[in-house]
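Examining the three-dimensional arrangement
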Amino acid sequence: MNSGKYEFLRVRRRFRQPLVTAHGVVEFVDRILLRTEIHDEIGYGEISPWPSFPTETVDEAREVLRSAQCSLSHLTATVSANKNTYPCLRSALSSCAAWNQIKSFSGKLKCAGLLTAPNPSLAQAKWGEGFKTIKLKINTQTSIADIKSILLVAPSDGSLRLDANGSLDLAAARSWTEFVRGEKQIEFLEQPLPVGHAGYASLGPDKIALDESFLAPGGANWGGPVVVKPALVGDWQEFHQWRTSHTGPVIYSSAFETAIGRQAALWLAAQESSTLADGFDTLGRFENDARDYHSAGPTVAGRSDLDWAKIWKELS
Ligand SMILES: [Mg+2]
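Residues numbered from 1 in each chain as written. Predicted model: local features only at pLDDT ≥ 70, side-chain atom pairs only at ≥ 80, totals over all residues.

The next point concerns the domain arrangement of the chain. According to the domain assignment, the chain contains domain 1 (5-102) and domain 2 (108-305). In this structure, domain 1 and domain 2 have C-alpha centres spaced 22 Å apart. On the side of domain 2, 31 residues touch domain 1, which itself brings 31 residues to the contact. Elements with a contribution of two residues or more to the side of domain 1 that touches domain 2: strand E1 (5-21), strand E2 (24-38), strand E3 (41-47), helix H3 (87-97) and helix H4 (99-102). Per-element tally for the side of domain 1 that touches domain 2: the top contributor is E1, with eight residues. When the residues that make up the side of domain 1 that touches domain 2 are grouped by side-chain class, the tally is 15 nonpolar, ten polar and six charged. (Domains from an automatic or database assignment. Contact = placed C-beta atoms within 7 Å. Helix = DSSP H or I, 4+ residues; strand = E, 2+ residues; numbered from the N terminus. Nonpolar A, V, L, I, M, F, W, Y, C, P; charged D, E, K, R; others polar.)

Moving on, we get to the sheet that holds E1. Ordered by their spatial adjacency, three strands build an open sheet running E1-E2-E3, and the pairing between neighbours is antiparallel. Each edge of the sheet is formed by a strand with only one pairing partner; in this case those strands are E1 and E3. Mean inter-strand twist for the sheet, computed between neighbouring axes without regard to direction, equals 20°. Here seven bridges tie E2 to E3, and the two strands are oriented antiparallel to one another. (Pairing = 2+ DSSP bridges. Axes fitted to C-alpha atoms, helices over the stretch in contact; angles between N-to-C directions.)

As structure tokens, this is what we get:
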């Protein structure tokens, strides 16, 4: 019986300009690309953890891939035996399993523009490119006045999302929450407090979105908006089951994947019909490494015209 096999490839991607987050400076990310083969069916997936998110590391995922010795049945048995572990590897395996549908996906999605600094002229440039929603990183250095200066130049149909990446304390989170709830052009404040912070109960779910915390135990019960990174969310069938019971809005978001992970993440995001913009404005940020094949902009789309076997060969 053919129980399937796999091969994998570790790649490093260096940012053109180091990415400044609330947790430090990210200069590069490592990814593992996965190719599975079972009964002549080929699948591709990508293991792309993101610094400071509660998942396995690339090294931990690689250890599992090594010890299963390229037997797909051994790999899936190891992963299934360790419940609630290896979410990135589970996501990659889900991508491999659905690859026949993923590779033929060419649908379009509305995309939010990503700004890494609260700069009104950068925001204006994004609005000028046609983005309606802009997502902005904030930290303890950002002031409410900074955000007001951006709202001043916002078009009347433009909106903002603020993402603190868990960097605020409870007092700061409270004043930001009050501000965000009073501004109609701000959609939500994302991850104000660290993962597991008890203060979330007192802030409440109205216009408070979870991202990092959604992946941690208990996060899935949040009644407010939830940001889902397909690359980090774990098994996609389990995710779909959760999605049918969650009534709050879900925003899908990239974890800076290569074209393999991006094609899969766009496909997963398109499984739901949403009027909200998703977070895929992550292209063009790496040194030219021939691992991006999609187009950027306020509308993003899957590509059904790519020769993935050829791309895999070029990557290997
Ligand atoms: Mg976030």
